[in-house]
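Inside the fold
Next come the chains, spelled out residue by residue.
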Amino acid sequence: MATTDQIYAKMQASIEEYDGDAAAAAAQEAIAAGIDPAEALEKGFAQPIREVGEAFHRMEIFLPQLVMASEAMKAGVAVLEAAMAASGGKLEKKGVVVLGTVEGDIHDIGKTIVGSMLQAGGYEVHDLGIEVSPPRFIQAAADAKADIIAMSALLSTTMLAQRDVLELLRNKGQDNKYFTIIGGAPVTQEWADQIGASAYAADAPEAVRLLDEHQGEWKK
Ligand code: B1M
């Protein structure tokens, strides 16, 4: 029977090799060996996916590999989650995210990658899709009891809708209720500062890293 370290090594290799079937099999092996699923998630999957994110930043790998790594991790995480649910437990989520592409904008590739990476990184993600109006973002956040509202915009014209969501939150007296993160090709840190968003991320790994850094702001 494989040791715990050998099982972690298999889990790590599955992410590095973008192999969802191997990730699911290694997760299954971890459960059969009696390893705590939360610990398996952190040591077997979360650490390697962070390294993949770093490699992407160093431009050693490119977007398709990043997507494949997060898809592989999702396959493994699903097995760990199922095991936890079967034993009456639940993997503790780092935060609940309501994510969407803003009103008037149909670009969804980057937004979907951000969602996958956040999910793989331990967040509960409610993906609202494209052309999400400001009231819908806010209603969905309330319904999901969200901690975070995440908005993607790919057009310089639709970036304005990110501001509209924040304005609507302010008008409702809910400006401190959610952590807000924005991104998308034309979006900048300067724009985030101007409209009062909590954070700006240039890409999906950065979105995960930033939310991880800000954990304490919603986990009381
Ligand atoms: Co459109 N489009 N497009 N398009 N399109 C751009 C964005 C454009 C830059 C192309 C160009 O002219 N050079 C340009 C926008 C110019 C501007 O306003 N600055 C443009 C235009 C003009 C348009 C139309 C208006 C064209 C027309 O009809 N005349 C139209 C818009 C329709 C609408 O939305 N109402 C349109 C339509 C389309 C397609 C439908 C054909 C298709 C979208 C398909 C789809 O998404 N399902 C499309 C595509 C594919 C592109 C380009 C070529 C690629 C976008 C993409 O998917 N990139 C794009 C050119 C470009 O960006 N250079 C372009 C890959 C993706 C992984 O990157 O989305 O940037 P990206 O996401 C990254 C980061 O930005 C970040 O992380 C992601 C990955 O790490 N990120 C976040 C994204 N969201 C985030 C959220 C976060 C954090 C990080 O926190 C919440």
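Each remark here, short or long, concerns the structure printed above.
My aim in this report is to walk through the structure given alongside it, one point at a time. Just so you know, these numbers come straight off a predicted model, no measurement behind them.

Calculation criteria
Per chain, the residues get numbers from 1 upward, laid out in the order the sequence is written. Note on the predicted model: pLDDT of at least 70 is required for a residue's local features to be given, and 80 or more for side-chain atom pairs to be given and counted; whole-chain, interface and lining totals, by contrast, use all residues. To obtain the side-chain values, all non-hydrogen atoms of the structure were included, while hydrogens and water were left out. Metal donors were taken as nitrogen, oxygen and sulfur atoms no farther than 2.8 Å from the ion, or 3.2 Å where the ion is Na, K or Ca. Water is excluded, so coordination may look unfinished. Per the convention used, a helix needs a DSSP run of H or I reaching at least four residues, while a strand needs a run of E reaching at least two, with both numbered from the N terminus. In these notes, residues near a molecule or strand are those with any non-hydrogen atom within 4 Å of it. In protein, a polar contact requires one atom able to donate a hydrogen and another able to accept it; more generally it is a pair of N or O atoms within 3.5 Å, and residues adjacent in sequence count only if both atoms are side-chain atoms. Both cavities and pockets are sets of points on a 1 Å grid over the protein atoms alone; in a cavity a 1.4 Å probe fits but cannot get out, in a pocket the set is open with protein on both sides within 12 Å along at least five of seven lines, and lining residues sit with an atom within 4 Å of a point. Grid points are joined across faces, edges and corners, and a volume is the space filled by probe spheres set on the points. Gly falls in the polar group here, along with every residue not listed as nonpolar (Ala, Val, Leu, Ile, Met, Phe, Trp, Tyr, Cys, Pro) or charged (Asp, Glu, Lys, Arg). Note: domain ranges come from an automatic or database domain assignment. Only the stretch in contact is used when a helix axis is fitted, and all axes are lines through C-alpha atoms; the angle between N-to-C directions ranges over 0 to 180 degrees. Each angle receives one of four descriptions, namely roughly parallel if under 35 degrees, roughly antiparallel if over 145, roughly perpendicular if within 65 to 115, and oblique otherwise. Definitions for this section: a left-handed crossing has its near helix turned counterclockwise from the far helix by less than a right angle. A right-handed crossing has that turn clockwise. Contacts were defined at the residue level, with two residues in contact if any of their heavy atoms lie within 4.5 Å. Just to be clear on terms, a salt bridge is a Lys or Arg side-chain nitrogen sitting within 4 Å of an Asp or Glu carboxyl oxygen. For each residue, the accessible area found with a 1.4 Å probe, counting protein chains only, is set against the maximum for its type, and the residue is called buried under 20%, exposed over 50%, and partly exposed in between. Here the term right-handed applies to a crossover when the path leading from its first strand over the helix to its second strand runs clockwise, the strands being oriented away from the viewer. When DSSP finds two or more bridges between two strands, those strands count as paired.

**What about the coordination of the cobalt atom of the ligand?**
Among protein residues, the single donor to the cobalt atom of the ligand is H107 (NE2), with a metal-donor distance of 2.2 Å. Inspection of the secondary structure puts H107 in the loop between strand 1 (96-101) and helix 5 (109-120).

**Description of the site of the ligand**
Looking at the ligand, there are 25 residues lining it, with G104, I106, H107, D108 and S152 nearest. A distance of 2.8 Å separates an oxygen atom of the ligand from a polar atom in the backbone of I106. With respect to the ligand, the backbone of A185 contributes an N or O atom lying 3.4 Å from an oxygen atom. Among the elements that line the shell around the ligand, the one with the most residues is helix 5, at 4 residues.

**As for the layout of surface pockets**
Estimated volume of the largest pocket: approximately 450 Å³. Lining of the largest pocket is provided by 24 residues; of these, G110, V114, A202, D203 and A204 occupy positions nearest its centre. Counting only elements with at least two residues in the lining of the largest pocket, the list comes to helix 4 (63-86), helix 5, strand 3 (148-152), strand 4 (179-183) and helix 9 (204-213). With 6 residues, helix 5 is the largest single contributor of residues to the lining of the largest pocket. Broken down by class, the residue content of the lining of the largest pocket amounts to 18 nonpolar, 4 polar and 2 charged. Structurally, the lining of the largest pocket is a two-domain feature, drawing no fewer than three residues from each of domain 1 (4-86) and domain 2 (96-217). Considering only enclosed or pocket space, the second largest pocket measures out at about 260 Å³ in volume. Lining the second largest pocket are 16 residues, and of these A38, L41, E92, K94 and G122 lie nearest its centre.

**As for the packing of helix 4 against helix 5**
With their axes 9 Å apart at the nearest point, helix 4 and helix 5 run at an angle of 40° to one another. In terms of orientation, helix 4 lies oblique with respect to helix 5. When the axes of helix 4 and helix 5 are compared, the crossing they make is left-handed. Residues L63, L66, V67, S70, E71, M73, K74 and V77 of helix 4 form the contact with helix 5, whose participating residues are I113, S116, M117, Q119 and A120.

**Quick word on the pattern of salt bridges**
Under the counting rule described, the total for this entry stands at 11 salt bridges. Among the ionic pairs, E71 bridges to K74, the shortest N-O distance being 3.6 Å. Of this pair, E71 and K74 both sit in helix 4, 3 residues apart, which is roughly one turn of that helix. With a relative accessible area of 38%, E71 lands in the partly exposed category. In this structure, D164 and R163 form a salt bridge, with 3.6 Å as the shortest nitrogen-oxygen distance. Judged by its relative accessible area of 30%, D164 falls in the partly exposed class. On the accessibility criterion, R163 (30% relative accessible area) is partly exposed.

**What about the pairing of strand 1?**
Regular strands place their side chains on alternate faces of the sheet. Strand 1 sits mainly inside the fold: 6 of its 6 residues count as buried. Taking every second residue as pointing to the same face, both faces of strand 1 are buried, with V96, V98 and G100 on one and V97, L99 and T101 on the other. Taken together, strand 1, helix 5 and strand 2 (residues 124-127) constitute a β-α-β crossover, and its handedness is right-handed. Relative to strand 3, strand 1 runs parallel, the two sharing 5 bridges. The partner of G100 across the bridge, within strand 3, is M151.

**Things to note about unusual backbone geometry**
Not every positive phi belongs to a glycine, and M59 is a case in point at roughly 60°. Along the chain, M59 turns up in the loop between helix 3 (37-57) and helix 4. Of note in the backbone geometry, K145 takes a positive phi value of approximately 50° without being a glycine. As for its position among the elements, K145 is in the loop between helix 6 (134-143) and strand 3. Residue class for K145 comes out exposed when judged on its relative accessible area of 66%.

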